[in-house]
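# Inside the fold
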Amino acid sequence: MLNEKSNLVYLDISLNNLSGGLTNCWKNWKSLVHINLGSNNLTGKIPPSMGLLSSLTSLHLHDNKFYGEIPLSLQNCRSLLIFSVRENNFSGNISNWIPHSVMTLQLRSNSFSGNIPTQICQMSFLIILDIADNTISGHIPTCLHNITALVFNNASETKLSFFSPSTIK
């Protein structure tokens, strides 16, 4: 079934004990808008075919054992509003191609390195930027103050309820 065309829009198999890697069959699931694979024991790299999900608005891969760099193919997910890959083993620099429409960017507790890319300052809808517990270095971009929607008040310590981006008006 995973290799056949699907009209699936919402996939949430989070909070299970799933293991293994992700297959490269995402080209058959182009109707997906929401994917939540968080809090499992999944491993491996993000398959390049996930970049074919051009309608994707939220991608939750948090709290797994994924590794490697975030694939450049995800730049094709231009509708992405929520991108959560916190608590994995991702490495490399923070990607500078992340869509400007992103509202939540959670990269916490990985092995990202390098500087904070100034492209983050172009994300005018950004509400949550969580890049804690990595090996990021360099200066904090001064342009961050231009992101007026950004929550600065201890967002990592506050419990936030997040609803589907379509409910935000």
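As a convention, each chain's residues are numbered from 1 in the sequence order in which they are written. For this predicted model, a pLDDT threshold of at least 70 governs which residues receive local features, and a threshold of 80 or more governs which side-chain atom pairs are given and counted, while totals over whole chains, interfaces and linings are taken from all residues. For the side-chain quantities, the full set of heavy atoms in the structure was used; hydrogens and water were omitted.

The criterion for strand pairing is that DSSP finds at least two bridges linking the strands in question. Counting from the N terminus, the helices are DSSP H or I runs at least four residues long and the strands are E runs at least two residues long. In this structure, strand S6 (residues 65-68) lies alongside strand S8 (residues 89-93), joined through two bridges in parallel fashion. Within S8, the position partnered with Gly 68 by the bridge is Phe 90. Taken together, the three bridges between S8 and strand S10 (residues 111-114) define a ladder with parallel strand orientation. Across the sheet, Asn 93 pairs through a bridge with Ser 113, a residue of S10.

For any pair of aromatic rings, the description rests on two quantities: the centre-to-centre distance and the angle between the ring planes. Note on aromatic pairs: the rings of Phe, Tyr and Trp (six-membered ring only in Trp) are paired at centre separations within 6.5 Å, and the planes decide the class, stacked below 30 degrees, edge-to-face beyond 60, tilted for the rest. Evaluated as defined, the whole model comprises three aromatic pairs. With a centroid separation of 5.7 Å and an interplanar angle of 65 degrees, the aromatic rings of Trp 26 and Trp 29 are classed as edge-to-face. Here the aromatic rings of Phe 90 and Phe 112 are separated by 6.5 Å at their centres, their planes lie at 15 degrees, and the arrangement is stacked. Taken together, the positions of Phe 90 in strand S8 and Phe 112 in strand S10 put the pair 22 residues apart, joining distant regions of the chain.

What follows concerns the environment of Leu 59. As for its position among the elements, Leu 59 is in strand S5 (residues 58-60). For every residue, the accessible area (1.4 Å probe, protein chains only) is compared with the maximum for its type, and the residue is labelled buried under 20%, exposed over 50%, or partly exposed between those bounds. Assessed through its relative accessible area of 0%, Leu 59 is described here as buried. Put simply, Leu 59 and Ile 35 are 24 residues apart on the chain and 5.1 Å apart in space, counted from C-alpha to C-alpha. Setting aside residues no more than four positions away along its own chain, Leu 59 makes contact with Ile 35, Met 50, Leu 74, Leu 80, Ile 82, Phe 83 and Ser 84. Any two residues having at least one pair of non-hydrogen atoms within 4.5 Å are treated as being in contact.

Moving on, we come to the sheet that holds S5. In sheet architecture, strand pairing relies on hydrogen bonds along the backbone and comes in two forms, parallel and antiparallel. Taking strand neighbours across the sheet as the criterion, the six strands line up as S1-S3-S5-S7-S9-S11 in an open arrangement whose pairing is parallel. Looking at strand neighbours, the two that pair on one side only are strand S1 (10-12) and strand S11 (128-130), the edges of this open sheet. Each neighbouring strand pair of the sheet contributes to a mean axis angle of 10 degrees, computed without reference to strand direction. Pairing analysis gives three bridges linking S1 to strand S3 (residues 34-36), with the strands arranged parallel. Bridge pairing in S3 links Leu 11 to Ile 35. Here, axes are lines fitted to C-alpha atoms. For helices the fit covers the stretch in contact, and angles between N-to-C directions go from 0 to 180 degrees.

Attention shifts here to unusual backbone geometry. A positive phi angle, close to 55 degrees, is found at Asp 63, a residue other than glycine. Along the chain, the position of Asp 63 falls in the loop between S5 and S6. Residues other than glycine seldom take positive phi values, yet Asp 133 does so here, at roughly 60 degrees. In this structure, Asp 133 sits in the loop between S11 and strand S12 (135-136).

Moving on, we get to the pairing of S10. Bridging between S10 and S12 involves two bridges; their strand directions are parallel. Each bridged residue has a counterpart across the sheet, and for Ser 113 the counterpart in S12 is Thr 135.

Tracing the chain through its elements places Asp 130 in strand S11. In this structure Asp 130 comes out as buried when scored by relative accessible area, which is 11%. Contacts described as polar in this section are N or O atom pairs within 3.5 Å, which, within protein, must combine one atom able to donate a hydrogen with one able to accept it, while residues neighboring in sequence count only if both atoms come from side chains. There is a polar contact of 2.8 Å between the side chain of Asp 130 and the side chain of Arg 108. When sequence neighbours within four positions are dropped, the list of residues in contact with Asp 130 reads Leu 105, Gln 106, Leu 107 and Arg 108.

A word on the pattern of salt bridges. The term salt bridge refers to a pairing of a side-chain nitrogen on Lys or Arg with a carboxyl oxygen on Asp or Glu at a separation within 4 Å. A full pass over the atoms with the stated rule returns one salt bridge. Residue Arg 108 pairs with Asp 130 through a salt bridge whose shortest N-O separation is 2.8 Å. Residue Arg 108 is located in the loop between strand S9 (104-106) and S10, and its partner Asp 130 is located in strand S11; the two are separated by 22 residues in the primary sequence. For Arg 108, a relative accessible area of 22% gives the class partly exposed.

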